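In case you want the letters, here they are:
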Amino acid sequence: MKIIYRNEVIFKLIYLILILLTVVFISFYSSDRMVTVLSFLFPVIYIPLAFRKEIRRFRLVKKQFPLEFREIIGEYSKFYNFLDDNGKRKFEKDINIFLNEHSIRSIRGEETDLRTKVLVAAGVATILHGREDWEPPFTDGVVVYPGETFDPEYNLHKGQIAGMAGDRRPLLVTKKILERSFKDPDDGYNSLIHEIAHYFDFENPIMSGVPVIGSDKGRTEEWLEIMEKEREKVNRGKSFLRPYAGSNEAEFFAVATEFFFERPEEMVAENPKLYELLKGFYNIDMQLLFKDKN
Ligand SMILES: [Zn+2]
């Protein structure tokens, strides 16, 4: 997550220049002093409104990262602990921005506890870490369900659903499975990372398991071929990925993403081509990151 996105700021500056030119024009040609004085209000109102996101983010990164946040991520996030100092600062900045701009609420709309909030933000900061210009792919916040699971009718403590991603809907995750996902960072399972990965897939007209990777048709075909081969292995019980990856293309992508972030070395050994795809997409060499401190 960036403080300033060049293209956005260029647009805003163009509007500002147009406003200023209008003000100059009015002050030259208007004989009514009141109109001239009022025209000066346009830029005064426009600047803080147009640049409010940049101003807010700038202030946020200047603020000290809360010690209790750092204690939680230090205890729960293996990813954070393997980052160098610059990486840690970026991770903390992303947590600060995410928590300030996105809601994390319980099913009755109440505030959730601090640890749950920080863990959700840590998952977001993990998956976005490699690409500075990425924003969280969901816009309606996160809803945390109590317990471990819910069923398709959203009944608590029933069924087998531990998380859900819905296009233009909040990301759902259960509190206990979220905690467990972080507590065991090497099992290749992280419900939050899984659900966030689905949102990248929603950016396509159909959920094909291939996130938006540009208009290069050859690359899309390469993705499909590599993923389909491994998915067949999943369905024959011969893959390193868990059986759920065989459900469909979208689940394959989400399960492979979880595995990539937690057990990169094994993925490199089992399917280096799949690893390279995900390394390119998330722009991070997880194997190298986890190796660095060994
Ligand atoms: Zn899924």
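The sections below set out a description of the structure shown in this document.

## Let's talk about a nonpolar patch on the surface
Logical step 1: Side chains of Ile10, Phe11, Ile14, Tyr15, Ile17, Leu18 and Leu21 sit close together on the surface and give an oily, nonpolar patch of about 730 Å² of accessible area.
Logical step 2: As for its position among the elements, Ile14 is in helix α1 (residues 6-29).

## Remarks on the pairing of strand β4 (residues 171-174)
Logical step 1: Residues Leu171 and Val173 of β4 are buried on one face, and the alternating residues Leu172 and Thr174, pointing to the opposite face, are buried as well.
Logical step 2: For strand β2 (residues 142-145) and β4, the ladder comprises four bridges, and the chain directions are parallel. Each bridged residue has a counterpart across the sheet, and for Tyr145 the counterpart in β4 is Thr174.
Logical step 3: Bridge count between strand β3 (residues 163-164) and β4: two bridges; the pairing is antiparallel. The residue of β4 that forms the bridge with Met164 is Leu172.

## Re empty space enclosed by the protein
Logical step 1: Using the criterion set out here, one finds one cavity of 30 Å³ or more in the structure.
Logical step 2: By volume, the largest cavity is sized at about 150 Å³.
Logical step 3: Where the lining of the largest cavity is concerned, the elements lending two or more residues are α6 (78-82), α9 (175-183) and α12 (249-262).

## Considering the coordination of the zinc ion
Logical step 1: Looking at the zinc ion, the protein donor atoms are His194 (NE2), His198 (NE2), Glu251 (OE) and Glu251 (OE), and they sit 2.1 to 2.7 Å from it.
Logical step 2: Classification of the site at the zinc ion as irregular follows from its four donor atoms and the range of 53 to 143 degrees in their angles at the metal.
Logical step 3: In primary sequence terms, the donor set of the zinc ion follows H-x3-H-x52-E. A residue pair is termed long-range when its members are at least 10 positions apart, and His198 in helix α10 (residues 191-202) and Glu251 in helix α12 qualify at 53 residues.
Logical step 4: Classification of His198 as buried rests on a relative accessible area of 5%.
Logical step 5: The class of Glu251 is buried, set by a relative accessible area of 12%.

Reading the values: rules and limits
Residues numbered from 1 in each chain as written. Predicted model: local features only at pLDDT ≥ 70, side-chain atom pairs only at ≥ 80, totals over all residues. Heavy atoms only, no water. Patch = residues over 30% accessible without salt bridge, like charges linked within 9 Å, V, L, I, M, F, W, Y side chains within 5 Å. Areas by Shrake-Rupley, 256 points an atom, 1.4 Å probe, with all protein chains shown as cover. Salt bridge = Lys/Arg side-chain N within 4 Å of Asp/Glu carboxyl O. Helix = DSSP H or I, 4+ residues; strand = E, 2+ residues; numbered from the N terminus. Buried < 20%, exposed > 50% of the residue type's maximum accessible area, 1.4 Å probe, protein only. Pairing = 2+ DSSP bridges. 1 Å grid on protein atoms, 1.4 Å probe; cavity = no way out; pocket = protein on both sides within 12 Å on 5 of 7 lines; lining within 4 Å. Points joined across faces, edges and corners; volume = space filled by probe spheres on them. Donors = N, O, S within 2.8 Å, 3.2 Å for Na, K, Ca; no water. Tetrahedral: all angles 85-135°; square planar, octahedral: opposite > 155°, others 65-115°.

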